[in-house]
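Commentary on secondary and tertiary structure
Chain residues, written in single-letter form:
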Amino acid sequence: MKRFSGTLLVAGLAVVASAGSSPAENSGKIMHIGHFTSPASMSMLEESTVAVNRPMSAVFNNLVMFKQDELQNTPEGIVPELATSWSWDEDGKTLTFPLR
């Protein structure tokens, strides 16, 4: 048990020592981010999993999105992204999005 505790202590100190410099602090460098798996495809519509949604959400734009500065998502917090606005037709069955 003492040997395990010592190993854990050394590993913890190594993590704290390396925390001083962040990859984001190196201007002009490439930051590599690991991902836990390879997505089956790049289609967020066909592969609705975290393995696809995490990396692809930075690639594709949405019609609308929630305000990013609010902690709780509400219908009032929906803002346009690619859509400039949205409106329902008279019978409430068709939603129209004019695009940028």
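Calculation criteria
- Residues numbered from 1 in each chain as written.
- Predicted model: local features only at pLDDT ≥ 70, side-chain atom pairs only at ≥ 80, totals over all residues.
- Heavy atoms only, no water.
- Helix = DSSP H or I, 4+ residues; strand = E, 2+ residues; numbered from the N terminus.
- Contact = heavy atoms within 4.5 Å.
- Areas by Shrake-Rupley, 256 points an atom, 1.4 Å probe, with all protein chains shown as cover.
- Buried < 20%, exposed > 50% of the residue type's maximum accessible area, 1.4 Å probe, protein only.
- Salt bridge = Lys/Arg side-chain N within 4 Å of Asp/Glu carboxyl O.
- pLDDT = per-residue confidence, 0-100.

Here's the deal with the overall build of the protein
- The helix and strand inventory of the protein stands at two helices and four strands.
- Start at the N end of the protein and walk to the C end: the helices and strands fall as α-α-β-β-β-β.
- Sequence-distant contacts in the protein: of pairs separated by 6 or more residues, those separated by 24 or more amount to 4%.
- Split by element, the accessible area of the protein, about 8,800 Å² in all, is 59% carbon and sulfur.

Considering the environment of K67
- Relative to the elements of secondary structure, K67 occurs in the loop between β1 (64-66) and β2 (78-80).
- Note on K67: relative accessible area 32%, which makes it partly exposed.
- Separated by 13 residues in the primary sequence, K67 and P80 have C-alpha atoms spaced 9.4 Å apart.

Remarks on the pattern of salt bridges
- Going through the model one piece at a time under the given rule, you end up with one salt bridge.
- Here E70 makes a salt bridge to K67, at a shortest N to O gap of 3.8 Å.
- The exposure class assigned to E70 is partly exposed, which follows from its relative accessible area of 33%.

Some thoughts on the environment of F66
- Mapped onto the fold, F66 is located in strand β1.
- Its relative accessible area of 34% is what places F66 among the partly exposed residues.
- Counting along the chain gives ten residues from F66 to E76, while the straight-line C-alpha distance between them is 8.7 Å.
- In this view, F66 contacts N73, T74, G77, I78 and V79; residues no more than four positions away in its chain are not counted.

Focus on the confidence of the model for the protein
- Here the protein shows a mean pLDDT of 76. Residues at 70 or above account for 74%.
- Ranking the elements of the protein by mean pLDDT puts helix α1 (residues 2-18) last, at 48, and strand β4 (residues 95-96) first, at 94.
- Note that residues 1-6 has pLDDT below 50 and, in this model, zero contacts with residues that lie over four places away or in other chains.

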